[in-house]
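Residues per chain are reported as follows:
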2 protein chains.
Amino acid sequence: MKKILVVGGAGTVGRAVVENLRAAGHTVLIAGRSSGDYRVDIKSDESVRALFEQTGRLDAIVSTTGSVFFGPLSQMSAAQFDIGLQDKLLGQVRLALIGQHYLNEGGSITLTSGILAEEPIAQGVNATAVNTALEGFVRAAATELPGRRINVVSPTVLTESLDVFGSYFPGFESVPAARAALAYRRSVDGVQTGQVYRVG
Amino acid sequence: MKKILVVGGAGTVGRAVVENLRAAGHTVLIAGRSSGDYRVDIKSDESVRALFEQTGRLDAIVSTTGSVFFGPLSQMSAAQFDIGLQDKLLGQVRLALIGQHYLNEGGSITLTSGILAEEPIAQGVNATAVNTALEGFVRAAATELPGRRINVVSPTVLTESLDVFGSYFPGFESVPAARAALAYRRSVDGVQTGQVYRVG
C-alpha cells in the first residue's frame, strides 16, 4: 500500500488514474487547481511547497495536469508560446523539483506529456515542444534521482474528450481514460525509470 | 547566392557556420549579444523585431545561440530551470516566430539543439529538456510554414570546446566546429524540413 498524490486528479485522465490506484489498494490524495483534497497552483513555488508540506512524505507523485497554447504558428507570439512552457512544462517540472524532497526511498514521480510530442497537429507547435521537453526532462532526471524513479506517460486523445477535441485529431485512434490510467499504474508500481509510456 | 542572418555568429559554432556559408558564396550577416554586424537580445521581442527590421528580408535565418542552466537536480529550483526555457528555447523560438515574417519564399530557419537531447550528462536536465523541446518545435513548425523550411542541428561537444567542457562529456567523441557547420549548410541549401541534423 502506497501513499500517492495525484495532481490533476479531478481531470479526465486524473479521475481514471485515481480510480485505478485506489482499486489497487493504494491511498490516494488528490490535488487540483480548483478541486480535490488540496488546492495547488503548479506555477507557484510557494503553492507547490505548501502542498507537499500538507501531504507529508509520499511514495508516489503523479501529475495529470498542465495547459499549453494552441494557435497558428503564423500568428503566435513568444508570450503565447511561453504559456505552455510556464504551465504544463515548468509546472510539472516544479512538482518534480520540489516533490523529490518529499519522496520516500523507492518512490516515484510520473508526469504527463501526450501524443503531440511525436505527431504534430495543426496549431499544436507549443504542445509538441512542451511534450517533447517533458520527455527529455524525465530521461535526464532519471539519472539524478538515486533510489527514486521518474517516468512520463504520453497518452493519445482520450475517447472521453472526442466531443470537444476530436476535430483536432483527425484519424487518431482514441483510448479510454481507463486504458491510459494503466500506464500510470505501470509507472507507479513497476521498476523502470526514465521511461516514456506511450498509450495510443 | 542567399542573404543569410547568423545569430550567434561570433560563437565557436557560429564562426564556422559563417565561414562555410561565405565560402559557398552566400552573403552572411552576423548578429550577437555583444558583437557582430547587429546586436540582439533573443529574450526580447523588441530587440528581435528591431534586428529583422535592420536586416530586411532574408533567405535564411540561422541560430547558433542560447544558454541553459547546469546544476544538480537535487538543488535545482524552477527559476533556474526557467533560465534555459527563456534563453536557448524561447529565445530561438522567438527568432523563428518573428523571423518567419521576414523570410523570403523558399527560405529556411535553422536552430541549434545539442547531443544532450538524447544523451543526458550529470547536471544537464535543463539542457536535455531544452534541446528536446527545440527538436519538437521544429518538427511541428515545419508543418505550418508553407513554402519555407525549418530544421535544427544537434551537434555533440565541439573539439574546440574540450578544454572548457570536456570533463562534462566523458567518453563523448568531439567534432570540429567546421564539421558541425556542414549540417547548417545542409539545412540552408538542402530541401528537407522538420529535420534534426545530428552531428557527432
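Values in this document were obtained by computation on a predicted structure and should not be read as measured data.

The next thing to look at is the overall build of chain A. Secondary structure assignment for chain A yields six helices and seven strands. When the helices and strands of chain A are read in sequence order from the N terminus, they spell out β-α-β-β-α-β-α-β-α-β-α-α-β. The globule rule puts the C-alpha radius of gyration for 200 residues at 16 Å, and the 16 Å found for chain A is close to it. Principal-axis analysis of the C-alpha atoms gives chain A an extent of 45 × 35 × 30 Å. In chain A, the proportion of contacts linking residues at least 24 apart, taken out of those at least 6 apart, comes to 70%. Carbon and sulfur atoms provide 50% of the accessible area of chain A, an area that totals close to 7700 Å². Side-chain charges in chain A split into 18 positive and 18 negative, and the spacing between the mean points of these groups amounts to 4 Å.

Residues and elements named next belong to chain A. Looking at the element boundaries, G107 is found in strand β5 (residues 103-112). For the pair formed by G107 and N20, sequence separation is 87 residues and the distance between their alpha carbons is 18 Å. When near neighbours in sequence (up to four residues on either side) are disregarded, G107 contacts D59, G147, R148 and R149.

Turning to the interface of chain B and chain A, a few remarks are in order. Contacts between chain B and chain A engage 39 residues on the former and 39 residues on the latter. Per-residue buried area on chain B facing chain A is highest for B:L73, B:L97 and B:E144; these three make up 22% of the total on that side. Here chain B and chain A share zero salt bridges between them. Our count for the chain B to chain A interface comes out at 13 residue pairs in polar contact (both at pLDDT 80 or more). Among the secondary structure elements, those contributing two or more residues to the side of chain B that touches chain A are α3 (78-99) and α4 (125-141) of chain B. A class-by-class count of the residues in the side of chain B that touches chain A yields 21 nonpolar, 12 polar and six charged.

Here we come to helix α4 (residues 125-141) of chain A. Between its first and last C-alpha atoms α4(A) spans 24 Å; for 17 residues at 1.5 Å apiece the expected length is 24 Å, and the two agree. Of all 17 residues in α4(A), 16 are buried, a share of seventy percent or more.

This part covers the relation of the copies chain B and chain A. Rotating chain B by 180° and translating it 0.0 Å along the rotation axis places it on chain A, where the RMSD comes to 0.0 Å. What we have between these two chains is a two-fold relation. Relative to the rotation axis, the closest C-alpha in chain B is found at B:A133, a distance of 2.2 Å. Taken together, the interface assignments show that 100% of the residues at the interface of chain B recur at the interface of chain A, consistent with an identical surface on both copies.

Our next topic: unusual backbone geometry. Residues and elements named next belong to chain A. With phi around 70°, Q123 is a residue other than glycine that occupies positive phi space. Inspection of the secondary structure assignment puts Q123 in the loop between β5 and α4. When its relative accessible area of 30% is taken as the criterion, Q123 is described as partly exposed.

Residues and elements named next belong to chain A. This structure, assessed with the given rule, holds eight aromatic pairs over all chains. When the centroid spacing of 5.3 Å and the interplanar angle of 15° are considered together, the rings of F52 and Y102 count as stacked. Of this pair, F52 sits in helix α2 (residues 45-55) while Y102 sits in the loop between α3 (78-99) and β5, and the two are 50 residues apart along the sequence. Overall, F52 belongs to the buried group, its relative accessible area being 0%. By relative accessible area, which is 15% here, Y102 ends up buried. Note on F70 and Y168: the rings are 6.3 Å apart at their centroids and 40° apart in plane angle, and the pair reads as tilted.

What follows covers the packing of helix α1 (residues 12-23) of chain A against helix α6 (residues 177-189) of chain A. Residues and elements named next belong to chain A. The interhelical angle for the contact between α1 and α6, taken along N-to-C directions, is 55°, at an axis separation of 8 Å. Our classification of the angle between α1 and α6 gives oblique. Seen along the crossing, α1 lies across α6 with a hand that is right-handed. Residues T12, V13, A16, V17, N20 and L21 of α1 form the contact with α6, whose own contacting residues are A177, A178, A181, L182, Y184, R185 and V188.

Within the fold, B:S187 resides in helix α6 (residues 177-189). We classify B:S187 as buried; its relative accessible area is 0%.

This next bit is on the pattern of salt bridges. Once the charged atoms of two side chains with opposite charge are near each other, the side chains can pair. Residues and elements named next belong to chain B. Evaluation of the coordinates by the stated rule reveals 14 salt bridges over all chains. For D189, the salt bridge identified is with K2, shortest N-O distance 2.7 Å. Of this pair, D189 sits in helix α6 while K2 sits in the segment before β1 (3-7), and the two are 187 residues apart along the sequence. Linking E135 and R198 is a salt bridge whose minimum nitrogen-to-oxygen distance equals 3.2 Å. With E135 in helix α4 and R198 in strand β7 (residues 196-199), this pair connects stretches of sequence that are 63 residues apart.

Turning to a nonpolar patch on the surface, a few remarks are in order. All names here are of chain A. A grouping of V164, F165 and Y168 is seen on the molecular surface, where their side chains present a nonpolar patch of about 310 Å² in accessible area. Examined against the element boundaries, F165 turns out to sit in helix α5 (residues 162-165). Overall, F165 belongs to the partly exposed group, its relative accessible area being 43%.

For chain A, mean pLDDT is 97; residues scoring 70 or higher make up 100% of the total. Confidence estimates for the predicted assembly give a pTM of 0.98 and an ipTM of 0.97.

Reading the values: rules and limits
- Residues numbered from 1 in each chain as written.
- Chains lettered and ligands numbered in written order.
- Predicted model: local features only at pLDDT ≥ 70, side-chain atom pairs only at ≥ 80, totals over all residues.
- Heavy atoms only, no water.
- Helix = DSSP H or I, 4+ residues; strand = E, 2+ residues; numbered from the N terminus.
- Rg over C-alpha atoms; globule rule 2.2 N^0.38 Å.
- Contact = heavy atoms within 4.5 Å.
- Areas by Shrake-Rupley, 256 points an atom, 1.4 Å probe, with all protein chains shown as cover.
- Lys, Arg positive; Asp, Glu negative; His and termini not counted.
- Charge placed at Lys NZ, Arg CZ, Asp CG, Glu CD.
- Buried area = accessible area lost by both parts, 1.4 Å probe.
- Salt bridge = Lys/Arg side-chain N within 4 Å of Asp/Glu carboxyl O.
- Polar contact = N/O pair within 3.5 Å; in protein donor to acceptor, adjacent residues only side chain to side chain.
- Nonpolar A, V, L, I, M, F, W, Y, C, P; charged D, E, K, R; others polar.
- Expected span 1.5 Å × (residues − 1).
- Buried < 20%, exposed > 50% of the residue type's maximum accessible area, 1.4 Å probe, protein only.
- Least-squares fit on C-alpha atoms with pLDDT ≥ 70 in both.
- Phe/Tyr/Trp six-rings, centres within 6.5 Å; stacked < 30°, edge-to-face > 60°.
- Axes fitted to C-alpha atoms, helices over the stretch in contact; angles between N-to-C directions.
- Parallel < 35°, antiparallel > 145°, perpendicular 65-115°, else oblique.
- Left-handed = near helix turned anticlockwise from the far one by under 90°.
- Patch = residues over 30% accessible without salt bridge, like charges linked within 9 Å, V, L, I, M, F, W, Y side chains within 5 Å.
- pLDDT = per-residue confidence, 0-100.

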